[in-house]
Amino acid sequence: MQSELSIVWIYPDLLSTYGDQGNALVLEQRARARGVPTRIHHVRSSDPVPQQGDIYLIGGGEDRPQILGAERLRKDGGLQSAIARGAAMLAVCAGYQIMGSVFGGEEGQPVPGLELLDISSSRGERRAVGELAAEVDPALRLPTLTGFENHMGVTRLGPGVRPLSRTIVGTGNGDGTEGCVAGKIIGTYLHGPALARNPALADLLLSWAIGPLPPVNDEWYQRLRDERLSAVLGDQA
Ligand code: GLN
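Residues numbered from 1 in each chain as written. Predicted model: local features only at pLDDT ≥ 70, side-chain atom pairs only at ≥ 80, totals over all residues. Heavy atoms only, no water.

Naming follows an unreviewed UniProt entry, where the chain appears as Lipid II isoglutaminyl synthase (glutamine-hydrolyzing) subunit GatD of Planotetraspora mira. One UniProt comment on the chain, placed under Pathway (unreviewed entry), says "Cell wall biogenesis; peptidoglycan biosynthesis." Word for word, the UniProt comment on the chain under Function (unreviewed entry) is "The lipid II isoglutaminyl synthase complex catalyzes the formation of alpha-D-isoglutamine in the cell wall lipid II stem peptide. The GatD subunit catalyzes the hydrolysis of glutamine to glutamate and ammonia. The resulting ammonia molecule is channeled to the active site of MurT." (UniProt positions renumbered as here; feature names shortened; annotations may be inferred.)

Right, dumping it as structure tokens:
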């Protein structure tokens, strides 16, 4: 097992809406519970993105910080090098859109992304806001996703990615699917934060970085999941 797991939290000053930074804390807590020493690197938008991290996290944001964040990441190149090296990543909402070829700016203008995911996003007709529940691609063997979405963008998936899930409640990508997965990259519209509501997703990212994991006590996570899923799905939960 490796000496220290390195989690890189990209641009807390620009992209961190609705508690997305909690994703870093959940990964840290669940890695430490398995005896893996872990460090979170907070990379502000004025700093270079380190290339040697194990798991990269990027969150949601308003349109202007999203455009600025995309410009800085494109120029910096550190994240692109890390992904080419095989690092894992969870990209949420604005961060998810930035990973594609293009996304819609505040006036709907196309803004270039990083092309790390075969997706393209544009502004939709109405804001998607509220709770979301979705069934995950069975190949990933994960329980129902729960989270909160708030975005104008809609996302089209290309042949280079698979949908992460199919929506039961909520909008997600806008075509009945939510998020996507390609290699060790997961993109999603889910806030909540996503990994506090979906600890199995956190463990998937951790297992990509450090290998098979023993189970941990998920009682508090499960209580949160039960409460949210029954509020959203009622008897279907
Ligand atoms: N600005 C983007 C949109 O509205 C992302 C929003 C977000 O990250 N919550 O689609």
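Back to the text.
**Describing the pairing of strand β7 (residues 119-136)**
Here 12 bridges tie β7 to strand β8 (residues 145-157), and the two strands are oriented antiparallel to one another. By the bridge assignment, A134 is partnered in β8 with L145. (Pairing = 2+ DSSP bridges. Helix = DSSP H or I, 4+ residues; strand = E, 2+ residues; numbered from the N terminus.)

**With respect to helix α3 (residues 78-85)**
Helical periodicity: at 3.6 residues per turn, an α-helix aligns residues three or four positions apart in one direction. Of the positions making up α3, those classed as buried are G78, L79, Q80, A82 and I83. With its phi angle positive at about 105 degrees, G86 sits one or two positions after the end of α3. (Buried < 20%, exposed > 50% of the residue type's maximum accessible area, 1.4 Å probe, protein only.)

**Quick word on the site of the ligand**
Around the ligand, the surrounding shell consists of G60, G61, D63, Q66, C93, A94, Q97, N150, H151, M152, G153 and H191. Between the ligand and the protein, one listed contact pairs a nitrogen atom with a backbone N or O atom of N150 at 2.9 Å. Within the backbone of G153, a nitrogen or oxygen atom sits 2.8 Å from an oxygen atom of the ligand. When the ligand sits alone it has 290 Å² of accessible area, and the protein chains cover 95% of it. Put simply, the ligand lies in the largest pocket. At the level of elements, α2 (63-76), α4 (94-98) and β8 are the ones that each hand at least two residues to the shell around the ligand. (Near = heavy atom within 4 Å. Polar contact = N/O pair within 3.5 Å; in protein donor to acceptor, adjacent residues only side chain to side chain. Areas by Shrake-Rupley, 256 points an atom, 1.4 Å probe, with all protein chains shown as cover. 1 Å grid on protein atoms, 1.4 Å probe; cavity = no way out; pocket = protein on both sides within 12 Å on 5 of 7 lines; lining within 4 Å. Sits in = over half its atoms within 2 Å of the grid points.)

**Quick notes on the layout of surface pockets**
Looking at the largest pocket, its volume works out to about 240 Å³. Considering the residues around the largest pocket, the lining is formed by 21 residues, among which G61, D63, N150, H151 and M152 are closest to the centre. Put simply, the parts of the chain that give the lining of the largest pocket at least two residues each are α2, α4, β5 (102-104), β7 and β8. Its residues assigned to classes, the lining of the largest pocket comprises 5 nonpolar, 12 polar and 4 charged. (Points joined across faces, edges and corners; volume = space filled by probe spheres on them. Nonpolar A, V, L, I, M, F, W, Y, C, P; charged D, E, K, R; others polar.)

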